[in-house]
Structures are given as C-alpha cells and as structure tokens.
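Structural overview for review
Below are the chains, spelled out letter by letter.
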Amino acid sequence: NEYLDRFMEVPEFQDRIDLARKRTKPPLWKQHSFRWIGAAAACLAIVAASVVFLSLPQFGEDSVAAIEIVEVYETRIGERSTVTLSDGSVVTINTNSRIEVDYTDDMREIKLIRGQGFFDVTKEIDRPFVVVAGEKRVLALGTIFDVRFDDQNEVQVTLVEGKVHIDSAAGTGGRVEESGRSNAVEETANTLPVIELNPGERLIARANVAPEIVETDAVEETSWRRGQLVFRQRALSEVVAEMNRYSTQQLVLDEDVRVLALEVSGVFNNGGPPSAYEDALEAIHPLEARRSGRDEVTQV
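Residues numbered from 1 in each chain as written. Predicted model: local features only at pLDDT ≥ 70, side-chain atom pairs only at ≥ 80, totals over all residues. Heavy atoms only, no water.

**Considerations on the overall build of the chain**
When you go through the chain residue by residue, the secondary structure sums to 7 helices and 21 strands. Burial statistics for the chain: of 300 residues in total, 43% are counted as buried. A sequence separation of at least 24 residues applies to 47% of the contacts in the chain between residues at least 6 apart. As presented, the chain carries roughly 16300 Å² of accessible surface, and 48% of it is formed by carbon and sulfur atoms. (Helix = DSSP H or I, 4+ residues; strand = E, 2+ residues; numbered from the N terminus. Buried < 20%, exposed > 50% of the residue type's maximum accessible area, 1.4 Å probe, protein only. Contact = heavy atoms within 4.5 Å. Areas by Shrake-Rupley, 256 points an atom, 1.4 Å probe, with all protein chains shown as cover.)

Put into structure tokens, the structure is as follows:
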C-alpha cells in the first residue's frame, strides 16, 4: 500500500536492511526473502547470539521519523560470547548476561540488563560510549573496563585502561556521593556529580549505600574472559557464590561460620563441571560434598 511504498523508499531504512543482511549468515538470506504483510512490517536478523529489532517509523505529512535499531545479545548460564559492534568496539559477555545495543548518530548506548560485560571501546570523540547498568551510567571514550550488574541490584565497574566517568542513570533522580576522595567528584554541565575512576580501581554501588571505590587487581577481576576464576585469600562463601554463576548445579555451604570463613586461593576453570569445583575445594580444605537435591550439592 501507499504507506509501505513510502516506508521502503527511505534511504536510511534501506541502509539498515543492507547492514542486517551483511551481518546475518548467508544461508538464511538465500533461503528467505522479506515479505510484507498488511500495514505493518518487521525485519528480524539473527547475528550470532543477537536479535536486531527495527522500530518502524511514523510518517507525518512532511517528515519521516528516524529508524531505531536495537541489537540484543545474551548468554545462557555457563556461556560467554564476544561481539564486535559496528563501530569496532568489542564486548565480551559473561555467563547468564544480556545487553541491548542502541547506536545513534550522537550516542553509543549499551544497556546491561543483567550479568557482566567487558568493554574495549573504540574512541569517537563526537559520539560518547555509555553503559547503563541499574541506576548507574558509565561514560567512556577509548577505554577498557568491566561492568557487572547482579540480581541484588549491585553494580561494579572495574577500570582496566583509560578513563571513565560514572553518574546516575536516573538523571536528577539520584546522586553519587564523593566516597571520601577529594578528586572523585566533578561537576558536569547539568550539575550532576561524577565519579572518575583510575586504572586498577573498582566502583561498588549498592542500593541506599554510598558508592565505594577500592583498589583491585584488574587481571584477577577480568580473568573470566579467559575461562578462569582467580581467587586470592577470598572467603569460601564468596568463592562458592562466584562459582555458582557458571553452573545450573549449585554448591551450598553448611551454615557453620567456621566453614563460611575459610579462605581460598587458586585458579579454577569456569567452564568445567561442578564436580571439578567440589574436588578442588575438598583438596584445599577438610570439606566433604554430598548431594542435597537434584541441582544442589552441599559442602560440609
């Protein structure tokens, strides 16, 4: 009909279709062609672990709305994936994670819906790269950093290289406190305070608690990208919680405080079976594992 004819003549939309075709496996495009039905149309392209959503423009009398593309990438428990975005930036997505990529002419925005992502950002001065996780927004230009957003609404940002600014994603709805650092807060043009991280620092932000900045080992914090978990004198309770992120079978610790407080140091493969964790922990400490449910193993 006339609406669809006008829609298909938009050069920007044709460019988007061409881009989707290039980034989609050839066999899919050879076997299927676009079919438009009724007065609505949608284009779906599967790119590795992604789904590209095209938002249809609304035509007025004399103007054509911009076409928005949102790419969705996600992993299941125990998986990780590396994606190269259209600007050359590389994102590595950890276990059980989901991101939404929304690029416009003025902004490159990534929404971390859940999980963890490692971002190696291509520098574009005129187009900021922003990662939004929960109530925090991370602004980067030519930077390498890690963002983690868990189911307790805790946000962690670890800076590996370059510089990032962190503020409230809610705009004027929230404030980020100075956290005891004289150089941590800068006033931006819209008067929102900003926390600036240096390489080797990690921001920990929890609900209703002032954000904390700590020194960290970036190699250890990002070892998951190499399929490893590195622990240096970490409480057993923390180690088990981290291991459980990578398996559907969960390790459960006995409530004995002496067990919870045991310290663990070592390097573990995060792609192996849960039994590998059990064997390693039993070798380090006088613990014994027993099955307490179909998907649960208790360490006592």
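**Focus on the side chain of threonine 143**
If you trace the backbone, threonine 143 turns up in the loop between β9 (136-140) and β10 (144-149). Sequence-distant contacts of threonine 143, defined by excluding residues within four places in its chain, comprise Phe119, Asp120, Val121, Leu159, Glu161, Gly162, Lys163 and Val164.

**Description of the nonpolar core**
Phe145 and Val147 are the most contacted members of the largest nonpolar core, which totals 30 residues. Membership of the second largest hydrophobic core comes to 16 residues, among which are Phe118, Ile144, Trp224 and Leu229. (Core = buried A, V, L, I, M, F, W, Y, C linked by side-chain atoms within 4.5 Å.)

**Describing the pattern of salt bridges**
Enumeration over the complete set of coordinates arrives at 16 salt bridges. Here glutamate 79 makes a salt bridge to arginine 76, at a shortest N to O gap of 2.8 Å. The partly exposed category is assigned to glutamate 79, whose relative accessible area is 30%. Residue classification places arginine 76 among the exposed positions, given a relative accessible area of 60%. Put simply, aspartate 167 and arginine 137 hold a salt bridge, and the shortest N to O gap is 2.6 Å. Taken together, the positions of aspartate 167 in strand β12 (residues 164-168) and arginine 137 in strand β9 put the pair 30 residues apart, joining distant regions of the chain. The class for aspartate 167 is buried, based on a relative accessible area of 9%. (Salt bridge = Lys/Arg side-chain N within 4 Å of Asp/Glu carboxyl O.)

**A word on the pairing of strand β15 (residues 201-205)**
Taking burial as the measure, the 5 residues of β15 include 5 buried ones, the bulk of the element. Of the two faces of β15, the one carrying Glu201, Leu203 and Ala205 and the one carrying Arg202 and Ile204 are both buried. Summarising the sheet, strand β11 (residues 155-161) and β15 pair through 4 bridges and their orientation is antiparallel. Bridging from a neighbouring strand, threonine 158 pairs with arginine 202 of β15. Note: β15 against strand β16 (residues 212-215), 4 bridges, orientation antiparallel. The partner of glutamate 201 across the bridge, within β16, is glutamate 215. Hairpin connection of β15 to β16: 6 residues between the antiparallel strands, including asparagine 208 at a positive phi of 65 degrees. (Pairing = 2+ DSSP bridges.)

**Comments concerning unusual backbone geometry**
With a phi angle near 50 degrees, asparagine 96 is a residue other than glycine that sits in the positive phi range. Position of asparagine 96 among the secondary structure elements: in the loop between β5 (90-93) and β6 (98-103). Residue classification places asparagine 96 among the partly exposed positions, given a relative accessible area of 34%. The phi angle at asparagine 153 is positive, at roughly 65 degrees, despite the residue not being glycine. When you line up the elements, asparagine 153 lands in the loop between β10 and β11.

**A closer look at the layout of surface pockets**
Over the atoms, a rolling probe the size of a water molecule traces out where space has been left empty. Of the pockets and cavities examined, the largest pocket occupies roughly 900 Å³. Forming the walls of the largest pocket are 37 residues, and the residues nearest its centre are Arg148, Asp150, Ala241, Glu242 and Arg245. Those elements that place two or more of their residues in the lining of the largest pocket are β7 (108-120), β10, β11, β15, α4 (218-221), β17 (228-235) and α5 (236-243). It is β17 that contributes the most residues to the lining of the largest pocket, 5 residues altogether. In terms of residue class, the lining of the largest pocket is made up of 10 nonpolar, 13 polar and 14 charged. (1 Å grid on protein atoms, 1.4 Å probe; cavity = no way out; pocket = protein on both sides within 12 Å on 5 of 7 lines; lining within 4 Å. Points joined across faces, edges and corners; volume = space filled by probe spheres on them. Nonpolar A, V, L, I, M, F, W, Y, C, P; charged D, E, K, R; others polar.)

**So, the confidence of the model for the chain**
The share of residues in the chain with pLDDT of 70 or more is 62%, and the mean pLDDT across the chain is 74. Throughout residues 171-192 the model reports pLDDT below 50, and contacts reaching past four residues in sequence, or to other chains, amount to 38 contacts. (pLDDT = per-residue confidence, 0-100.)

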